[in-house]
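Each chain, letter by letter, is given below.
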Amino acid sequence: MAQLEEVKDNMSDVEYRRARHVIGEDQRTLKTVESLKNKAFNVVGTNMTASHNSLRDDYEVSCEELDFLVKTALSVPGVYGSRMTGGGFGGCTVTLVDASAVDTLIATLQEQYVRKYRNRCECYVASPAAGAGLADLAGALDTIEHGESGVSSSSSSSSGISFADIWVPVAIAALSA
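Residues numbered from 1 in each chain as written. Predicted model: local features only at pLDDT ≥ 70, side-chain atom pairs only at ≥ 80, totals over all residues. Heavy atoms only, no water.

Undergrad: Just checking my understanding: could you explain the overall build of the chain for this structure?
TA: Regarding its fold elements, the chain presents six helices and six strands. Along its sequence from the N terminus, the chain presents helices and strands in the succession α-α-α-α-β-β-α-β-α-β-β-β. For the chain, the residues scored as buried account for 28% of the 177 residues in total. A separation threshold of at least 6 residues defines the contact pool for the chain, and within that pool the share at least 24 residues apart is 54%. Accessible surface, the chain: about 11,300 Å² in total, of which carbon and sulfur atoms supply 54%. (Helix = DSSP H or I, 4+ residues; strand = E, 2+ residues; numbered from the N terminus. Buried < 20%, exposed > 50% of the residue type's maximum accessible area, 1.4 Å probe, protein only. Contact = heavy atoms within 4.5 Å. Areas by Shrake-Rupley, 256 points an atom, 1.4 Å probe, with all protein chains shown as cover.)

Here you go:
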């Protein structure tokens, strides 16, 4: 972040805020990984909420409804943190909450959202999972057929891109147990 501050005067305010979000998000992610290993859910939640605030203020991809859901979730005892997820401009939030507070969180979100927006919000409960991992798809891609054309995929494309080691991300919403 210090390097960004050194060049701040050479960029527009928007460029600066976008870069600040990206650098801050990288830092938050690294802190969150360590916090998860240590089961420091308060720190994880703080990083989630800081991420949402940065997406809202620096990257400008949130919206009123998502901001409302995050703020409402944070008002419920037992919630560690909350943030928007997905591509922005509407969609979903993910909230880290103690299992004992899930029912209260859902009831609060649904009641408050209907009251403010005259529309229902859906809540889905998920449990922690291992998440993304490295998958070797080279062999699988050799045998995949695409559509009616019968065109088969191979382990490398005409552009020379190898599919041998592809990261396959899995999005999860985590709840403490």
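Undergrad: What should I look at first to understand helix α5 (residues 102–117) in this one?
TA: Every α-helix carries 3.6 residues per turn, so stepping three or four residues along brings you back to the same face. The first and last C-alpha atoms of α5 sit 22 Å apart over 16 residues, in line with the 22 Å expected at 1.5 Å per residue. Turning to α5, its buried residues are Val102, Leu105, Leu109, Tyr113 and Tyr117. With its buried residues spanning 60° around the axis, α5 presents them on a single face. Exposed side of α5, more than 90 degrees from the buried face: Asp103 and Arg115 are the residues found there. (Expected span 1.5 Å × (residues − 1). Arc of directions from axis to C-beta.)

Undergrad: What am I meant to see in the nonpolar core here?
TA: Where a protein is soluble and globular, its nonpolar side chains tend to be buried together. With 13 residues, the main nonpolar core has Leu69, Val79, Val97, Leu105, Leu109, Tyr113 and Cys121 as its most contacted residues. Looking at this core, the elements with two or more residues in it are α4 (64–74) and α5. In terms of residue count, the dominant contributor to this core is α5 (five residues). Beyond its immediate stretch of four places on either side in the chain, Leu69 contacts Thr93, Leu109, Tyr113 and Cys121. (Core = buried A, V, L, I, M, F, W, Y, C linked by side-chain atoms within 4.5 Å.)

Undergrad: Before we go on, may I ask you to explain the side chain of Arg28 in this structure?
TA: Among the secondary structure elements, Arg28 is positioned in helix α2 (residues 13–37). A residue is classified by how much of its surface remains accessible, and Arg28, at 15% relative accessible area, is buried. Once you skip the residues sitting within four places of it in the chain, Arg28 turns out to touch His21, Asn47, Ala50, Ser51 and Ser54.

Undergrad: Sorry if this is basic, but what is going on with the confidence of the model for the chain here?
TA: Detailed reading of the predicted model is not advised wherever pLDDT is low. Looking at the chain, the pLDDT average stands at 79 and 76% of residues meet or exceed 70. Highest mean pLDDT in the chain belongs to helix α3 (residues 41–57) (96); lowest belongs to strand β6 (residues 166–168) (31). Low pLDDT (under 50) marks residues 146–177, which in the prediction has 68 contacts with non-local residues, meaning those over four places away or in another chain. (pLDDT = per-residue confidence, 0-100.)

Undergrad: Would you mind showing me how to read the packing of aromatic side chains here?
TA: Centre distance and the angle of the planes are the two values used to describe a pair of aromatic rings. Tallied over the entire structure, the rule returns four aromatic pairs. With a centroid separation of 5.5 Å and 85° between ring planes, the pair formed by Phe68 and Tyr117 is classed as edge-to-face. Within this pair, whereas Phe68 is found in helix α4, its partner Tyr117 is found in helix α5, the two being separated by 49 residues in sequence. Taking relative accessible area as the criterion, Phe68 reaches 16% and is therefore assigned buried. Taking 4.8 Å as the distance between ring centres and 40° as the angle between the ring planes, the aromatic pair formed by Tyr113 and Tyr117 counts as tilted. On the criterion of helical spacing, the pair formed by Tyr113 and Tyr117 is a turn pair, its members being four residues apart in helix α5. (Phe/Tyr/Trp six-rings, centres within 6.5 Å; stacked < 30°, edge-to-face > 60°.)

Undergrad: Is there a simple way to think about the pattern of salt bridges in this case?
TA: Any two side chains of opposite charge can pair, given that their charged atoms come close. Summed over the entire model, instances satisfying the criterion amount to 10 salt bridges. We note a salt bridge from Arg18 to Glu60, for which the minimum N-O separation is 3.1 Å. Of this pair, Arg18 sits in helix α2 while Glu60 is found in the loop between α3 and α4, placing the two residues 42 residues apart along the sequence. You can call Glu60 partly exposed: its relative accessible area is 38%. Measuring nitrogen to oxygen at the nearest pair gives 3.2 Å for the salt bridge that ties Glu111 to Arg115. One end of the pair, Glu111, and the other, Arg115, are both in helix α5, four residues apart, so they sit about a helical turn from each other. Its relative accessible area of 47% is what places Glu111 among the partly exposed residues. Several salt bridges converge on common partners, so that one network encompasses Asp13, Arg17, Arg18 and Glu60. (Salt bridge = Lys/Arg side-chain N within 4 Å of Asp/Glu carboxyl O.)

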